[in-house]
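Next come the chains, spelled out residue by residue.
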There are 2 protein chains.
Amino acid sequence: MSSRKELANAIRALSMDAVQKAKSGHPGAPMGMADIAEVLWNDFMKHNPANPEWADRDRFVLSNGHGSMLLYSLLHLTGYDLDIEELKQFRQLHSKTPGHPEYGYAPGIETTTGPLGQGVSNGVGMALAEKVLAAQFNKPGHEIVDHHTYVFLGDGCLMEGISHESCSLAGALGLGKLIAFYDDNNISIDGEVRGHGDVPAWFLDDTPKRFEAYNWHVIPEVDGHDPEAVKAAIEEARAVTDKPSLICCQTIIGYGSPNKQGKEECHGAPLGDDEITLTREALGWTHPPFEVPDDIYQAWDARERGTVAEQSWNEKFAAYKAEFPAEAADFERRMAGELPEDFEAKAQAFIQSVNEKGEKVATRKASQQALNGYGPSLPELLGGSADLAGSNLTLWSGAKGVKPNDAAGNYVYYGVREFGMSAVMNGITLHGGFKPYGATFLMFMEYARNAVRMAALMKINPIFVYTHDSIGLGEDGPTHQPVEQISILRLTPRMSTWRPCDAVETAVAWKLALQRTGGPTALVFSRQGAAHMPRTDDQIRDIERGAYVLKDCDGLPDAIVIGTGTEVGLAMEAADKLTAEGRKIRVVSMPSMDTFDAQDAAYKAKVLPETVPVRVAVEAGVSSLWPKYVGMHGKVVGVDTFGESAPAGDVYKALGVTAESVADAVNSLL
Amino acid sequence: MSSRKELANAIRALSMDAVQKAKSGHPGAPMGMADIAEVLWNDFMKHNPANPEWADRDRFVLSNGHGSMLLYSLLHLTGYDLDIEELKQFRQLHSKTPGHPEYGYAPGIETTTGPLGQGVSNGVGMALAEKVLAAQFNKPGHEIVDHHTYVFLGDGCLMEGISHESCSLAGALGLGKLIAFYDDNNISIDGEVRGHGDVPAWFLDDTPKRFEAYNWHVIPEVDGHDPEAVKAAIEEARAVTDKPSLICCQTIIGYGSPNKQGKEECHGAPLGDDEITLTREALGWTHPPFEVPDDIYQAWDARERGTVAEQSWNEKFAAYKAEFPAEAADFERRMAGELPEDFEAKAQAFIQSVNEKGEKVATRKASQQALNGYGPSLPELLGGSADLAGSNLTLWSGAKGVKPNDAAGNYVYYGVREFGMSAVMNGITLHGGFKPYGATFLMFMEYARNAVRMAALMKINPIFVYTHDSIGLGEDGPTHQPVEQISILRLTPRMSTWRPCDAVETAVAWKLALQRTGGPTALVFSRQGAAHMPRTDDQIRDIERGAYVLKDCDGLPDAIVIGTGTEVGLAMEAADKLTAEGRKIRVVSMPSMDTFDAQDAAYKAKVLPETVPVRVAVEAGVSSLWPKYVGMHGKVVGVDTFGESAPAGDVYKALGVTAESVADAVNSLL
């Protein structure tokens, strides 16, 4: 029987050897947290290496993602499909073992981590998803949703602001099945966080006190190298079910390295061959690089335990299914990420009804109408707003708040926490069972920007709702008026960004966002009213292609005017004016650049034919992305400066975003 | 003699009346915090309304900037150049009283606030600037720098993650002259933060405990409507000089409004004419809208007190100047934001020396060399990094850490706090006396994105240093490899963004960043080595124009290749290859798009002549901004997807960013 220390040393050896072979990486955290990981994974983790998709598995998140070798070692040792050759390919092109854990690369990676503070926030989302799903599906005697979320995190995660947002929220929501382990090793990249010699301290927080202030259950001063102490702490944490738990583990970074442990040196660089030899001696680990003795492999192997555990759950689920067949079917559908079969048909009917109504309405209001239209058939919707429900219009008739003691709702009051909200939404999505949407003003997308990018990087599909999309926001002024933000969204690979011009385009955009796989969607809506645009059925169909001819002329146009959002109205006005002057004008509505770019060449050429080089774009935002469509010699009626505080109409006029400007721009080119 | 309550009611009346007249705005916070403001401004604030630029004034920051009428009322009542007509123009085009306080619009506005959590972070920067400046300049018996920073903040600021970053840092730095007032009114936009009826709680933090955990001095449970209690709390806070203080004021939002006080209703909407009438009655404020009785004006008027205070400081400064003329001159120069007179000459000499050395070196290393070159003549440099000093290479030979008890240094260990750092840098800049620079990886600019934008909005000049600028970062992988980030920076109005291709361009970029006024600079540097490009003196001079011909051919080129950063090397290689094939190729280095765009048409046409329509751009990032220079039919060798974890060379090859791709692109167009 291998000792606990030997089992942990397998992680240490694999980690230092892989980093050494890659000539880069972070051995310190895996070596420091190996003992904690060993206890958690061997004594507590409910998982089945043979099926990383098992719905009721515990979720494990390595928020200090630079310690990726810890996770790869665990997955390899417990029997996931990640063989030793992959560990040897650490940080090499197209391996399953990139520098930071990347979702979708190796089985068992629950989320991509590395950008600090986001992993723990994803974990909050996973624990929230578990709690809501349990409240929605479990029945007396049928606990089909019942698992923990475990998070490892370090000083870096705790310094990041997002840790405040998501952990404060986790406390308010009473996420009792969230258990986080703080790797308290006193070291970050600049050295000793509490100062040393001439270098001052930069992190003096009393972290236990801070988390108590968030309504967490805190277990302070646990020796992170004493397996019994760690085990007792985990047991205590699991016993507290109405609060998340933080286990503060005092560890030595790079544990085992005689000359580098406890120092920044071992944080982010290979130990070096000589030091590795010394470390092997110090640890009593006599095996060559990448070799683990069979008895140690056997002790780690979780496949049999995992199969038994999943089998037991399968039986539980079968019993549930027998008694609650409709709920069970819905559970399976939702965990598979599938929409109800009749969704497309219902959505088309809704879009038709919006078209028939033909209302002038702010697109944020049209967005709420879309939620009311689609919501009733989608129990998987899990909405929310960062303290702007009444402005974002994210509450719909079927919305019900998620409460600590009554979590069966479908709406989260996120508070003023844009970044936390977005990373929590990513966690909810990764957990499965939900279609999260969350809203703020478009400007404050910026507070959350990297979580939005992470959704795109992970190819997951949360829906980010952004209202108050331009200078049309009016009186709140330049701090709140987006200018470059919609373009920022468009720059991110795999992000689908929509800025609809009216209620019909809004309904289509929401439908596509709900149906999308492979990346997130940003839905960008106006504060101010947007006139209804009349369309044929073909035009309605073509909205899905991202851009289409909204208004045309006979024969070859003299010029094409392209608009988005509320400025489509200005484009139409300008076209009328120009037509009256005898010009032949085509108006193209382009709610989604990325969607249009993905169309075939023939469709694109039909909408924007080469034969019409005179083009003007109008959008109340920076002009930078438009030369792609209007060319170097085209014109853009945009906003290449900051906004102004005034009623929306005054701001539009002051900044020259008017139908007259559009018409003048066209005339100047003809 | 007017009662304190009457004085406070003047704020309440002006605020509710201005919001009513504007038909939008936030009366709740000004009415709730009026009593606190009255005590602070009348009994403690050291300021001179006649000279809002007085160096030793106390700084006041309204972090809950939506309560702007509180600040406008205070400035108006105490005698700043902000007359009642301006208050009537609240939220109207080109008034001095926009919806949120905008730096530079009205005298006495120390910073632009509105994006929550940033004001208090600016305040941390101001208090830090005061502390460092005092340590650098004060002499025994000569306390020429000795003022407080006061910050008002609300629940929203406290929920935002950035409040964690900057307040934790303020605690670690022991900023004893920072005093914050928490407007604890239990209300945010979605309603009662601690829950009500069917709506759950979203903010249950024990805020006093949280701030104690940050090493703050906390005064809990102060009645924010009891002037004596507020006064006692401020006195207590001022007495604690080794820690920042948080005064937790329990207030009633919209205090005085019989039907709306204490409710979300009065947070962000006019009270309505009827309710205003009732409020006037309840407050006993019998005066018509925008009328304040003379005795109340007199009681508020701070001009005489202010003149006396400034005069007394002037005498103090004169005594200092007599004894320490050089220090006094330097203080005046730095507070005026002027560089040393010989800076330009010294910088040119340094640039020449870099050119003569002709080293191949990573531009981040060249950046450190530039700091070593410029640093010794610039005592106003106040550098730092968000826990990446050794990677960002921000420490130079003259760098010395700022310590709580020895603050005369010039380098701040910011910890893993990118957003906090950036907003603190804005505060330092606004305070005056320093040229702050602060660094992180380019990717994590995103964590700080809105503070960077705020610097541009405010037209202030901090220097944001971003290293590890592309897929060239290598093994850390896609979470850390910027793809769209440099383009994001370029989208922001007034931001000057530089991505130099070698040490010479780096030295020029640093020089311009240090000399810039009117907006911030982002300096973007490579992790990997960058070959030295040979240049004539004219070419070196033209670097300052943002783009220039680095390599040319005889006669009209067949094609122009434009590159930035490390990809200029690829452009040069491709040009050599194409030249060998008989093509005539011009290579343009474009380290700064915005700088080039600002040149006159003749220069632009000289670099990129209309007569050469065949153009290819190469940059290891998204292609979206390049059609502006290469046209709809030009080609871009870029990265329109996410990166990969592998050694840098492998990633470049895998993503097709190579000299061959550039040459192929040119050939495909010819």
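Residues numbered from 1 in each chain as written. Chains lettered and ligands numbered in written order. Predicted model: local features only at pLDDT ≥ 70, side-chain atom pairs only at ≥ 80, totals over all residues. Heavy atoms only, no water.

Chain A appears in an unreviewed UniProt entry as Transketolase from Thiohalocapsa halophila. Per UniProt, the comment on chain A under Subunit (unreviewed entry) is "Homodimer." The record in UniProt for chain A states the following under Function (unreviewed entry): "Catalyzes the transfer of a two-carbon ketol group from a ketose donor to an aldose acceptor, via a covalent intermediate with the cofactor thiamine pyrophosphate." (UniProt positions renumbered as here; feature names shortened; annotations may be inferred.)

Brief notes about the pairing of strand β2 (residues 149-154) of chain B
Residues and elements named next belong to chain B. Among the six residues that make up β2, six are buried, leaving the element largely enclosed by the rest of the structure. On β2, burial covers both faces: Thr149, Val151 and Leu153 on one face and Tyr150, Phe152 and Gly154 on the other are all buried. Summarising the sheet, strand β1 (residues 59-62) and β2 pair through four bridges and their orientation is parallel. The partner of Arg59 across the bridge, within β2, is Thr149. (Buried < 20%, exposed > 50% of the residue type's maximum accessible area, 1.4 Å probe, protein only. Helix = DSSP H or I, 4+ residues; strand = E, 2+ residues; numbered from the N terminus. Pairing = 2+ DSSP bridges.)

Describing the side chain of Ser63(B)
All names here are of chain B. Assignment of secondary structure puts Ser63 in the loop between β1 and α3 (68-78). There is a polar contact of 3.4 Å between the side chain of Ser63 and the backbone nitrogen of Gly119. Here Ser63 is in contact with Thr113, Gly114, Leu116, Gly117, Gly119, Val120, Val151, Phe152, Leu153 and Cys157, once residues within four sequence places are set aside. (Polar contact = N/O pair within 3.5 Å; in protein donor to acceptor, adjacent residues only side chain to side chain. Contact = heavy atoms within 4.5 Å.)

Some words on the sheet that holds strand β10 (residues 435-441) of chain A
For sheets, the rule is that strands pair by backbone hydrogen bonds, running either parallel or antiparallel. Residues and elements named next belong to chain A. Across the sheet, which stays open at both edges, the six strands sit in the order β9-β8-β10-β11-β13-β12 with parallel pairing between neighbours. Taken across any chain shown, the strands that pair with only one partner, and hence form the sheet edges, are β9 (411-413) and β12 (496-498). Neighbour-to-neighbour, the strand axes of the sheet open up by a mean angle of 20°, direction not taken into account. Here three bridges tie strand β8 (residues 381-385) to β9, and the two strands are oriented parallel to one another. Residue pairing for β9: Gly384 is matched across the bridge by Val412. Sheet strands in contact with helix α18 (residues 445-458) are β10 and β11 (463-467), and its direction is about 155° off that of β11. (Axes fitted to C-alpha atoms, helices over the stretch in contact; angles between N-to-C directions.)

A word on the pairing of strand β15 (residues 559-563) of chain A
Residues and elements named next belong to chain A. Taken across its five residues, β15 has five buried, putting it largely inside the fold. Burial of β15 is two-sided: the residues Ala559, Val561 and Gly563 facing one way and the residues Ile560 and Ile562 facing the other way are all buried. Handedness of the crossover joining β15 and strand β16 (residues 585-589) through helix α22 (residues 567-580) is recorded here as right-handed. Bridge count for β15 against strand β17 (residues 615-618) is four bridges, and the pairing is parallel. (Right-handed = clockwise from strand over helix to strand, strands pointing away.)

Considering the environment of Ala29(B)
All names here are of chain B. Among the secondary structure elements, Ala29 is positioned in helix α2 (residues 28-44). A relative accessible area of 7% means that Ala29 is categorised as buried. Beyond its immediate stretch of four places on either side in the chain, Ala29 contacts Asn64, Gly67 and Ile253.

Details of the relation of the copies chain B and chain A
Aligned on chain A, chain B shows an RMSD of 0.0 Å; the corresponding rotation is 180° and the shift along the axis is 0.0 Å. Within this description, the copies of the chain are treated as partners about a two-fold rotation axis. Distance from the rotation axis, computed per C-alpha, reaches its smallest value in chain B at Gly161(B): 1.8 Å. Of the interface residues in chain B, 99% have counterparts in chain A that sit at the interface too, so the contact is made through matching surfaces. (Least-squares fit on C-alpha atoms with pLDDT ≥ 70 in both.)

Side note on the nonpolar core
Among the nonpolar cores identified, the biggest contains 321 residues, and Tyr374(A), Trp510(A), Tyr374(B) and Trp510(B) are the most heavily contacted of them. Among residues more than four places away in sequence, those in contact with Tyr374(B) are Phe343(B), Ala347(B), Phe350(B), Ile351(B), Ala507(B), Trp510(B), Lys511(B) and Leu514(B). (Core = buried A, V, L, I, M, F, W, Y, C linked by side-chain atoms within 4.5 Å.)

Digging into the UniProt feature "domain: Transketolase-like pyrimidine-binding" (unreviewed entry) in chain A
Here the UniProt feature "domain: Transketolase-like pyrimidine-binding" (unreviewed entry) sits at residues 361-532 of chain A. Each end of residues 361-532 of chain A is marked by a C-alpha atom, and these two atoms are 8 Å apart; helix forms 37% of the span and strand 16%.

Some words on the interface of chain B and chain A
With 106 residues of chain B at the interface, the matching set in chain A holds 106 residues. Surface buried jointly by chain B and chain A totals about 8,800 Å² across both partners, of which 58% is contributed by carbon and sulfur atoms. Along the contact surface separating chain B from chain A lie ten salt bridges. Across the salt bridge formed by Glu446(A) and Arg449(B), the nearest N and O atoms sit 2.9 Å from each other. Counting the contacts that link chain B with chain A gives 50 residue pairs in polar contact (both at pLDDT 80 or more). Of the residues forming the side of chain B that touches chain A, the biggest block, eight residues, is contributed by helix α18 (residues 445-458) of chain B. When the residues that make up the side of chain B that touches chain A are grouped by side-chain class, the tally is 45 nonpolar, 33 polar and 28 charged. (Buried area = accessible area lost by both parts, 1.4 Å probe. Salt bridge = Lys/Arg side-chain N within 4 Å of Asp/Glu carboxyl O. Nonpolar A, V, L, I, M, F, W, Y, C, P; charged D, E, K, R; others polar.)

Some thoughts on the state of the cysteines
Counted under the stated rule, the structure contains zero disulfides over all chains. There is no disulfide at Cys157(B), and the cysteine sulfur nearest it, in Cys167(B), is 9.3 Å away. (Disulfide = S-S within 2.5 Å.)

Concerning the confidence of the model for chain A
Averaged over every residue, the pLDDT of chain A is 97; residues scoring 70 or more account for 100%. Reported confidence for the predicted complex is 0.98 by ipTM and 0.98 by pTM. (pLDDT = per-residue confidence, 0-100.)

Quick look at the environment of Lys584(A)
Along the polypeptide, Lys584(A) turns up in the loop between α22 and β16. Each C-alpha atom, one on Lys584(A) and one on Asp558(A), is 5.1 Å from the other, the two residues being 26 residues apart in sequence.

Quick notes on the packing of aromatic side chains
Applying the stated rule across the entire model yields 49 aromatic pairs over all chains. Centre to centre, the rings of Phe137(B) and Phe331(B) are 5.3 Å apart; their planes meet at 75°, and the pair counts as edge-to-face. Placement of Phe137(B) in helix α5 (residues 118-137) and of Phe331(B) in helix α13 (residues 325-335) is noted, with a sequence separation of 194 residues between them. Among the aromatic residues, those joined into a ring-pair cluster are Trp54(B), Phe137(B), Trp313(B), Phe317(B), Tyr320(B), Phe324(B) and Phe331(B). Between the NZ or CZ atom of Arg545(A) and the centre of the ring of Tyr603(A), over which it lies, the distance is 3.9 Å. (Phe/Tyr/Trp six-rings, centres within 6.5 Å; stacked < 30°, edge-to-face > 60°. Lys NZ or Arg CZ within 6 Å of the ring centre and 35° of its normal.)

A look at helix α17 (residues 418-431) of chain B
In this model, α17(B) (14 residues) spans 20 Å end to end at C-alpha, consistent with the 20 Å of a helix rising 1.5 Å per residue. With 14 of 14 residues buried, α17(B) is to be regarded as a mostly interior element. (Expected span 1.5 Å × (residues − 1).)

Overview of the sheet that holds strand β12 (residues 463-467) of chain B
Residues and elements named next belong to chain B. Strand order in the open sheet formed by six strands is β10-β9-β11-β12-β14-β13, and the pairing between neighbours is parallel. A strand with exactly one partner marks an edge of an open sheet, and here the two such strands are β10 (411-413) and β13 (496-498). Pairs of neighbouring strands in the sheet enclose a mean axial angle of 20°, with direction left out of account. Of the pairings in the sheet, the one linking β12 to strand β14 (residues 521-524) comprises four bridges and is parallel in character. The residue bridging Tyr466 from the neighbouring strand is Val524, located in β14.

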